[in-house]
Every structure is written in structure tokens, then in C-alpha cells.
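Secondary and tertiary structure notes
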Amino acid sequence: MDFQLSDDQRALRSGMRDLLGAAFDRDGLRAAVERGGGVDRGLWRELGAAGFFALRLPEEAGGVGLGLPEAVLLFEEAGRALLPGPLVATHLAAGLVKGAAEGEAVVTASQGGGLPVADLSGADAVLVAGGVLTGEELAAFVAGARPVRSMDPLTPLHRAEGLVAAAEAYPGALRGEGALLTAAEQLGSAARTTEMAVQHARAREQFGSLIGSFQAVKHLCADMLARTEPARGAVYAAAVTGDPVEIAAAKLLADDAAVRNARDCLQIHGGMGFTWEADVHLHLKRAWLRAARWLTAAEAEEILAAGLGPVRPLYGGSAALG
């Protein structure tokens, strides 16, 4: 079976990278940081016009008619660019919430369990367990929420109260798809921090030599690549099969790659990696935040353990007891 990307898939990925490079370059990223994150409605509509949110809707419903493997490629590019906003929830809401497919509506999701909700103040709808909040229900939900400090300057958070906030949100296939698309974002971030680390190691001189010639730095870069590529294989495979166990494995590997690669990238950048002007810390903070979204490491591990089947003793009979 051939799992190489087709020419159409490569063109789709390249087109999204070009779009984000023009509409959300580094200047756009830093401007978003300075304004405290949130959704740029103009960019949101541009993404909608490009088919980002309607990608998996049938053509007769106004969509592009593609599937999860193609969606994963676009979300990988979004993660690479650190594109802010509730991209996953709005994509999942296409066809459910009016205007979501076209980028006219911003849709976020309540994770339940009292966890903070991202981008709530600018949302037109909220995905919750068993449905969607809009109109008066949304207004009441927002009124009962309070802002909390976010580790990611690009992702404003609110903690909501009440039964809806405490309920388990987006069960079943919706949760699995959300976890997979988030894993794709993590994959994009892991790949980008690997590139940033290698670029810096090739340019930075210390003690009269490029730091990329130092064995310790080489090992860090190699470890970053060794985490990224297995995560890529897991994410792409899960997009093809849609299997919940494979999605859990993909999320687990992608979360680990995104967080640990950002840490190693910061290590390679040295003191300048900790500065506000550098972008490395933004990848690390977003990776931490995404790791707690849709499917946590503990939840993914439980799914993987359950997928192994019932635990059987290694030995049987009375002899095994003594």
C-alpha cells in the first residue's frame, strides 16, 4: 500500500503554506501576540474562502468533498504557522453552524470538566455535549464565564460555570476527529521547531565554531527529527483509518514531539530562546495548551490500554501461586 502523498495532496499543502505565508507571516504573528491573540475575522473569512473549514463537506453542500487525510495536511500547516483561533472547532462545526463553513462564524468548544474555554469572547457558537450553543444560550454561557490567565498569549481563555461547563463535551467521533486535527497542528509545530533549531545551529557561532558542529547540538537536532517523523507517520495513518486507538496513539506521539521539540529548540537557541522577541517560546506554550485539548495524554493512554484487550495472567494453574 502506498502512503506517499499524491500530487494533489502536495499541491493542497503547498497552497495552504503559501496562503499562510502571505496572510499570516511573522509580522502578522507578532501583531497577534501584541493584541493578545483572538480571532482576526478578516483572516478567518480568507480561510473560509480557501475551503479550510468546508474541506470535508460534500460538494453538493458547498464543500470541497475531501477527507481527513487532506484536512490533516492543512492543520499541519496551521500548526506550523502558529495560526491562532478555534480552528478545529470551527472546522468540525461546518455544516452544523451557519456561516462556519464560509469563515463567517467563529465556533469554539467547551471541553467540559470545568476546563477553560478558548476564544470564548469572540465566538458565535460553542460546541458542547449534545449540541451547539448559540443566541440567548450562548449569551448566558458567556455571561457566566470569567477570564483566566493563559500560558499562550495567542489563546485567550475563560472558565465557564454551570452544568454545561461541567459536562463531558464532544463525545464519540467528534472528539476523535478533534483530537486528530489537534495532533496534526502539534505535528506542524514539531516540524517547524526542528527547522528553527537546525537553521540556528547552522548560523550561530560559539568558541570560533558553528554550534551545529558540536556533538551535543547534533544529538538534540537528531532527537527532534526522530520524534517528528514517527508522529507524522502515526497522524497520517490515523487520518486514513479513522481508528480511535490509532488516533489516540497519534495524539500521544504528536503532543510529545511538539512539547519536547520546542524545549530542545529553546535549548539550542540558548539565552535568546527565552526572550520575548524570539518565537520559540510561543511554540512551547501553544504545544502545552494543545496537549490538554480534545484528548489528554492520560486519556490517550487509557484508550491504548483498552485496545490491547483484557489482561491475562502469564501463568495459569495452582503452580503459579506458589
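Residues numbered from 1 in each chain as written. Predicted model: local features only at pLDDT ≥ 70, side-chain atom pairs only at ≥ 80, totals over all residues. Heavy atoms only, no water.

Considerations on the overall build of the protein
Check the secondary structure of the protein and you find 12 helices and eight strands. On C-alpha atoms alone, the protein measures out to a radius of gyration of 21 Å, which is about the 20 Å that the 2.2 N^0.38 rule sets for 322 residues. For the protein, the proportion of its 322 residues judged to be buried stands at 48%. Summarising the internal contacts of the protein: among those between residues at least 6 apart in sequence, 68% fall at separations of at least 24. As presented, the protein carries roughly 15400 Å² of accessible surface, and 56% of it is formed by carbon and sulfur atoms. Put simply, the protein has 29 plus and 39 minus side-chain charges, and the middle of one group is 6 Å from the middle of the other. (Helix = DSSP H or I, 4+ residues; strand = E, 2+ residues; numbered from the N terminus. Rg over C-alpha atoms; globule rule 2.2 N^0.38 Å. Buried < 20%, exposed > 50% of the residue type's maximum accessible area, 1.4 Å probe, protein only. Contact = heavy atoms within 4.5 Å. Areas by Shrake-Rupley, 256 points an atom, 1.4 Å probe, with all protein chains shown as cover. Lys, Arg positive; Asp, Glu negative; His and termini not counted. Charge placed at Lys NZ, Arg CZ, Asp CG, Glu CD.)

A few points about the pattern of salt bridges
Under the counting rule described, the total for this entry stands at 15 salt bridges. Across the pair Glu185 and Arg290 runs a salt bridge, and its minimum N-O distance is 3.8 Å. Residue Glu185 is located in helix H8 (residues 172–203), and its partner Arg290 is located in helix H11 (residues 280–291); the two are separated by 105 residues in the primary sequence. Exposure remark for Glu185: the relative accessible area of 7% places this residue in the buried category. Here Glu195 and Arg192 are joined by a salt bridge, their closest N and O atoms 3.3 Å apart. Linking Glu195 with Arg192, this pair stays in helix H8, spanning three residues, or about one helical turn. Residues participating in the shared-partner salt-bridge network are Arg26, Arg30 and Asp279. (Salt bridge = Lys/Arg side-chain N within 4 Å of Asp/Glu carboxyl O.)

Overview of the side chain of Lys251
Assignment of secondary structure puts Lys251 in helix H10 (residues 244–269). Residue Lys251 is classed as buried on the basis of its relative accessible area, which comes to 0%. Polar side-chain contacts of Lys251 include one of 3.3 Å to the backbone oxygen of Arg293. Here Leu295 takes part through its backbone oxygen, which lies 2.8 Å from a polar atom of the side chain of Lys251. (Polar contact = N/O pair within 3.5 Å; in protein donor to acceptor, adjacent residues only side chain to side chain.)

Structural notes on the sheet that holds strand S5 (residues 146–148)
Read across the sheet, three strands follow the order S2-S6-S5 without closing on themselves; strand pairing throughout is antiparallel. Lying at the two open borders of the sheet, with one neighbouring strand each, are strand S2 (117–118) and S5. As defined by bridge partners, S2 adjoins strand S6 (residues 157–159) across two bridges and the pair is classed as antiparallel. Within S6, the residue paired with Ala118 across the bridge is Leu157. (Pairing = 2+ DSSP bridges.)

As for the packing of H10 against helix H12 (residues 297–307)
As a packed pair, H10 and H12 sit with axes 9 Å apart at the nearest point and diverge in direction by 140°. Taken together, the axis directions place H10 and H12 in an arrangement best described as oblique. The hand of the H10/H12 crossing is left-handed. Along the contact surface, H10 presents Pro244, Val245, Ala248, Ala249 and Leu252, while H12 presents Ala297, Ala300, Glu301, Ile303, Leu304 and Gly307. In terms of residue class, the contact of H10 with H12 is made up of nine nonpolar, one polar and one charged. (Axes fitted to C-alpha atoms, helices over the stretch in contact; angles between N-to-C directions. Parallel < 35°, antiparallel > 145°, perpendicular 65-115°, else oblique. Left-handed = near helix turned anticlockwise from the far one by under 90°. Nonpolar A, V, L, I, M, F, W, Y, C, P; charged D, E, K, R; others polar.)

Brief notes about the packing of aromatic side chains
Each pair of aromatic rings is reported with the distance of its centres and the angle of its planes. On inspection of all chains with the given rule, the structure shows three aromatic pairs. For the pair Phe52 and Phe53, a centre-to-centre distance of 5.3 Å together with 80° between the ring planes defines the contact as edge-to-face. Overall, Phe52 belongs to the buried group, its relative accessible area being 1%. (Phe/Tyr/Trp six-rings, centres within 6.5 Å; stacked < 30°, edge-to-face > 60°.)

Quick word on the sheet that holds strand S1 (residues 107–109)
One open sheet accounts for three strands, arranged S1-S3-S4; its pairing is mixed. Pairing within the sheet leaves two strands with one partner each, and these edge strands are S1 and strand S4 (131–133). Ignoring which end each strand starts from, the neighbouring axes of this sheet average 30° apart. Where strand S3 (residues 125–128) lies against S4, three bridges are found, and the strand directions are antiparallel. Note that in S4 the partner of Val126 across the bridge is Leu133.

As for unusual backbone geometry
The backbone of Leu82 sits at a positive phi, close to 55°, despite the residue not being glycine. On the secondary structure map, Leu82 appears in the loop between helix H4 (68–81) and helix H5 (87–93). A relative accessible area of 1% means that Leu82 is categorised as buried.

So, the nonpolar core
Leu47, Phe52, Leu87, Leu180 and Val235 are the most contacted members of the largest nonpolar core, which has 60 residues in total. Among the elements that take part in this core, H4 stands out by supplying eight residues, more than any other. Apart from the residues within four sequence positions on either side, Phe52 is in contact with Met16, Leu47, Leu74, Phe75, Ala78, Leu87 and His91. By size, the runner-up hydrophobic cluster in this structure holds 15 residues, among which are Val217, Cys265, Leu266 and Ala287. (Core = buried A, V, L, I, M, F, W, Y, C linked by side-chain atoms within 4.5 Å.)

Notes on the environment of Leu304
If you trace the backbone, Leu304 turns up in helix H12. The partly exposed category is assigned to Leu304, whose relative accessible area is 24%. Each C-alpha atom of the pair Leu304 and Glu246 lies 8.2 Å from the other, and the pair is 58 residues apart in sequence. The residues contacting Leu304, other than those within four sequence positions of it, are Val245, Ala248, Ala249 and Leu252.

Regarding the confidence of the model for the protein
Per-residue pLDDT for the protein has a mean of 87; in total, 91% of the residues score no lower than 70. The lowest-confidence element of the protein is helix H7 (residues 163–166), averaging 49 in pLDDT; the highest-confidence one is H4, averaging 96. (pLDDT = per-residue confidence, 0-100.)

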